[in-house]
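Read off the chains here:
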Amino acid sequence: MAPGEKIKAKIKKNLPVTGPQAPNIKELMQWYCLNTNTHGCRRIVVSRGRLRRLLWILFTLTAVALIFWQCALLISSFYTVSVSIKVHFQKLDFPAVTICNINPYKYSAVRHLLADLEQETRAALKHLYGFSEITSRKRREAQSRSSVRKGTDPKFLNLAPLMAFEKGDMGKARDFFTGRKRKVNARIIHKASDVMHIHNSKEVVGFQLCSNDTSDCAVYTFSSGVNAIQEWYKLHYMNIMAQVSQEKKINMSYSADELLVTCFFDGVSCDARNFTLFHHPMYGNCYTFNNRQNETILSTSMGGSEFGLQVILYINEEEYNPFLVSSTGAKVIVHRQDEYPFIEDMGTEIETAMATSIGMHLTESFKLSDPYSRCTEDWSDVQITNIYNATYSLQICLHSCFQAKMVENCGCAQYSQPLPQGADYCNYQQHPNWMYCYYQLHQAFVREELGCQSVCKEACSFKEWTLTTSLAQWPSEVSEKWLLSVLTWDQSQQIKKKLNKTDLAKLLIFYKDLNQRSIMENPANSIEQLLSNIGGQLGLWMSCSVVCVIEIIEVFFIDSLSIIARHQWHKAKGWWARRRAPACPEAPHIPQGRDNPGLNIDDDLPTFTSALSLPPAPGPQVPGTPPPRYNTLRLERAFSSQLTDTQTTFPH
């Protein structure tokens, strides 16, 4: 190795340590900025001038902020879905169809149970509006045979008094039965929409419900007297019917032979044997077609009204309860075979003297469960007991939750079939406080205070039939005479009167086409796509890669913490050595090399550039070598001149 190379190697060996083993954070950052592949950091160090360096610092920090922002958006949107829609043309299974008469029980069969209630209802109408209801001959006879006589105390009006409040004075109310005003010390709950105001009536009608000890009362008011009287009547009606056995209620309702006059499906005749009885607490006997009773599900071969279900229903308006229902017709719902028919929530009404055509489109949906959406595959992750013998749905969960709250707080159940385990229907005899409790819970349920909406989840997979309804007058004037005559003759064993068109309703349910639409959710992102997108953001804003990110983690976290820890360790070690060292007198000052002004060197070791600028070191002195004596040299010269004459010749 050349002498110059040896000197450079020696000087380089004595240079200060840089890189990950740098003695302080500043030198570590300088080393990183000079050696990293991220161009912004390098420009911060090598740029000349404060302004240019400040601009590069600003650009680099902005790029880092944008990288963090974009990566946060990518991570937050990772659990998103993409929706794909597929359309299949195939032979479709026909859904289950449940049909109910709007009037649950024949009036002639239940009028003896409701006679007192109807008498008090008519009396309240007379005191409020000043008129008596115009009734048919049969109902006038039932009214005359009523057990309620003048002078007797009203039973139902005492349990839940009907009242009329004047606008602006809700502290006093006029009692319907006595007609006198009285002071009301109760909470006023107005059961009307806060958004829609149709008109401002002079009086507000409502009724009062109290707990057992009458210490806590609430008055429920309505914007219309019709709604108030129907709601008041419905509460007492449910109480009366809850005390009747299930077998008797089935006998008091409509049989399948009475309700179903004719039946056709897919061009083939059917009858009442193709329908399954389903008793509903508010709609009486309902009948379900294609309920998989024989382990077979009917299917339709083609679309169109000729290949669907066609039935003619006998409504019999004369047997309608005037205060319970105010419309005439039937209710129908389309649902899966293993699904509970909530006819009161999602049913479609059918008019009399009309042909109602309902066209269907089948849509099957498949959703991704947690963490993509809040849905459930079954009951496993829902803390609600299923009281219905049916597959999971959001409606079943909400109804089960409400019934559980009713049983827990009121001791009885409402609108449930079957009943919750260990419970019975609400009635005055066993549960005198149920009406007040029911209304309190119902108000809390509507305001989402019971927690049912937060507990219940939507099903991840479900079938849905989109219905399109159209109406036509039926029967027509030209065919009315012969058609009604034939139907009267056909139903002579079940119906003992001549039919008219207001007693009948025609229903057609069919597939418009055999196209089944499937909506499927799929994950919109994957781990590979996420890493690729993050890498793209790093390369776009800072010309960086994943290896650069690893270097940043190493330098800014591992090496920086190592330097801080090493500094603290040396500091603690020096403190401990000073504490252990014995106290001694101060030693005299001995001049050292650094005290020589000619050798003024910094505390830090020299760098490569400063080492080259140092003055050359003096050459080494050979110890014990005396200086030459010049007198001796002169003697040698004289002596050599004398030997010239006496040279010796050697033989060759």
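Residues numbered from 1 in each chain as written. Predicted model: local features only at pLDDT ≥ 70, side-chain atom pairs only at ≥ 80, totals over all residues. Heavy atoms only, no water.

Glancing now at the overall build of the chain. The helix and strand inventory of the chain stands at 19 helices and 22 strands. Split into buried and exposed, the 652 residues of the chain put 38% on the buried side. Here the contacts in the chain between residues at least 6 apart in sequence split such that 74% fall between residues at least 24 apart. For the chain, the exposed area adds up to about 40200 Å²; of that, 56% sits on carbon and sulfur atoms. (Helix = DSSP H or I, 4+ residues; strand = E, 2+ residues; numbered from the N terminus. Buried < 20%, exposed > 50% of the residue type's maximum accessible area, 1.4 Å probe, protein only. Contact = heavy atoms within 4.5 Å. Areas by Shrake-Rupley, 256 points an atom, 1.4 Å probe, with all protein chains shown as cover.)

With that out of the way, let us pick up the UniProt feature "transmembrane region" (unreviewed entry) in the chain. Per the UniProt annotation, the sites labelled "transmembrane region" (unreviewed entry) are residues 54-79. For the annotated span residues 54-79, helix accounts for 88% and strand for 0% of the residues, and the straight-line distance between the end C-alpha atoms is 40 Å. (UniProt positions renumbered as here; feature names shortened; annotations may be inferred.)

This paragraph deals with the sheet that holds strand β12 (residues 275-280). The strand order across the open sheet formed by five strands is β12-β13-β3-β16-β17, and the pairing between neighbours is antiparallel. Lying at the two open borders of the sheet, with one neighbouring strand each, are β12 and β17 (348-350). Geometrically, the sheet is characterised by an average inter-axis angle of 30 degrees between neighbouring strands, direction not taken into account. As defined by bridge partners, strand β3 (residues 96-101) adjoins strand β16 (residues 330-335) across six bridges and the pair is classed as antiparallel. Note on β16: the bridge partner recorded for Thr 98 is Ile 333. (Pairing = 2+ DSSP bridges. Axes fitted to C-alpha atoms, helices over the stretch in contact; angles between N-to-C directions.)

This next bit is on empty space enclosed by the protein. Evaluation of the coordinates by the stated rule reveals two cavities of 30 Å³ or more. In this structure, the largest cavity occupies an estimated 120 Å³ of space. What lines the largest cavity is simply Tyr 237, Met 238, Met 241, Ala 242, Lys 249, Pro 281, Met 282, Gln 414, Tyr 415 and Tyr 425. In terms of residue count, the dominant contributor to the lining of the largest cavity is helix α8 (residues 225-242) (four residues). Classifying every residue of the lining of the largest cavity gives eight nonpolar, one polar and one charged. Structurally, the lining of the largest cavity is a two-domain feature, drawing no fewer than three residues from each of domain 3 (107-131 + 157-243) and domain 4 (374-459). (1 Å grid on protein atoms, 1.4 Å probe; cavity = no way out; pocket = protein on both sides within 12 Å on 5 of 7 lines; lining within 4 Å. Points joined across faces, edges and corners; volume = space filled by probe spheres on them. Nonpolar A, V, L, I, M, F, W, Y, C, P; charged D, E, K, R; others polar. Domains from an automatic or database assignment.)

Of all the six residues making up strand β15 (residues 309-314), six are buried; the element is thus mostly covered by neighbouring parts of the structure. Residues Leu 309, Val 311 and Leu 313 of β15 are buried on one face, and the alternating residues Gln 310, Ile 312 and Tyr 314, pointing to the opposite face, are buried as well. Strand direction decides the pairing type here: strand β10 (residues 260-265) and β15, joined by five bridges, are antiparallel. The residue bridging Phe 265 from the neighbouring strand is Leu 309, located in β15. As paired elements, β15 and strand β22 (residues 504-523) share six bridges and run antiparallel to each other. Of the residues in β22, the one forming a bridge with Tyr 314 is Leu 504.

For the rest of this paragraph, the subject is the pairing of β3. Across the six residues of β3, six count as buried, placing the element largely inside the fold. Residues Ala 96, Thr 98 and Cys 100 point to one face of β3 and Val 97, Ile 99 and Asn 101 to the other, with burial holding for every one of them.

What follows concerns the packing of helix α4 (residues 50-76) against helix α16 (residues 527-542). Axis separation between α4 and α16 bottoms out at 9 Å; the angle between their running directions is 165 degrees. If you check the angle between α4 and α16, you find them roughly antiparallel. Remark: the crossing between α4 and α16 carries right-handed chirality. Residue-level inspection shows Thr 60, Ala 63, Val 64, Leu 66, Ile 67, Gln 70, Cys 71, Leu 74 and Ile 75 of α4 in contact with α16, the latter providing Leu 530, Asn 533, Ile 534, Gln 537, Leu 538, Trp 541 and Met 542. Considered class by class, the residues forming the contact of α4 with α16 number 12 nonpolar, four polar and no charged. (Parallel < 35°, antiparallel > 145°, perpendicular 65-115°, else oblique. Left-handed = near helix turned anticlockwise from the far one by under 90°.)

This next bit is on the packing of aromatic side chains. Summed over the entire model, instances satisfying the criterion amount to 23 aromatic pairs. On the numbers, 4.9 Å between centres and 70 degrees between planes, the contact of Phe 94 with Phe 265 is edge-to-face. Of this pair, Phe 94 sits in the loop between β2 (92-93) and β3 while Phe 265 sits in strand β10; the two residues are 171 residues apart in sequence, bridging distant segments of the chain. The class for Phe 94 is buried, based on a relative accessible area of 1%. Owing to a relative accessible area of 8%, Phe 265 belongs among the buried residues under this scheme. Their ring planes at 70 degrees and their centres at 5.5 Å tell us that Phe 342 and Tyr 388 sit as a pair that is edge-to-face. A residue pair is termed long-range when its members are at least 10 positions apart, and Phe 342 in the loop between β16 and α11 (343-346) and Tyr 388 in the loop between β19 (375-376) and α12 (394-409) qualify at 46 residues. The exposure class assigned to Tyr 388 is buried, which follows from its relative accessible area of 3%. Three or more aromatic residues joined by ring pairs form one cluster here, namely Phe 207, Tyr 220, Phe 222, Phe 402, Trp 434, Tyr 438, Tyr 439 and Phe 445. (Phe/Tyr/Trp six-rings, centres within 6.5 Å; stacked < 30°, edge-to-face > 60°.)

Another aspect to go through is the side chain of Thr 488. Within the secondary structure layout, Thr 488 lies in helix α15 (residues 480-490). On the basis of relative accessible area, Thr 488 is assigned to the buried category, the value being 18%. Apart from residues lying up to four places away in sequence, Thr 488 is in contact with Lys 497, Lys 498 and Leu 499.

The next point concerns the pattern of salt bridges. Under the defined criterion, the tally for this structure stands at eight salt bridges. The salt bridge partner of Lys 106 is Glu 258, with a shortest N-O separation of 3.5 Å. Highlighted residues: Lys 106 in the loop between β3 and α5 (107-129) and Glu 258 in helix α10 (residues 256-259), separated in sequence by 152 residues. A relative accessible area of 18% places Lys 106 in the buried class. Looking at Glu 258, the relative accessible area reads 19%, which means it is buried. (Salt bridge = Lys/Arg side-chain N within 4 Å of Asp/Glu carboxyl O.)

To continue, consider the state of the cysteines. Following the criterion strictly, the structure yields eight disulfides and no others. The partner cysteine of Cys 263 in its disulfide is Cys 270, sulfur to sulfur 1.7 Å. Judged by the sign of its S-S torsion, about -75 degrees, the bond between Cys 263 and Cys 270 is left-handed. Under the relative-accessibility criterion, Cys 263 is labelled buried at 4%. The cysteine Cys 33 is free of any disulfide, with Cys 41 supplying the nearest cysteine sulfur at 5.1 Å. For Cys 41, a relative accessible area of 13% gives the class buried. (Disulfide = S-S within 2.5 Å.)

Together, Ile 25, Ile 553, Phe 556, Phe 557, Ile 558, Leu 561 and Ile 564 make up a nonpolar patch on the protein surface, roughly 660 Å² of accessible area in all. Broken down by element, the residue count for the nonpolar patch peaks at six residues, all from helix α17 (residues 546-580). Within the element layout of this structure, Ile 564 appears in helix α17. (Patch = residues over 30% accessible without salt bridge, like charges linked within 9 Å, V, L, I, M, F, W, Y side chains within 5 Å.)

So, on to the environment of Arg 447. Positionally, Arg 447 belongs in the loop between α13 (434-446) and α14 (452-455). For Arg 447, a relative accessible area of 47% corresponds to the partly exposed category. A distance of 3.0 Å separates a polar atom in the side chain of Arg 447 from a polar atom in the side chain of Glu 449. (Polar contact = N/O pair within 3.5 Å; in protein donor to acceptor, adjacent residues only side chain to side chain.)

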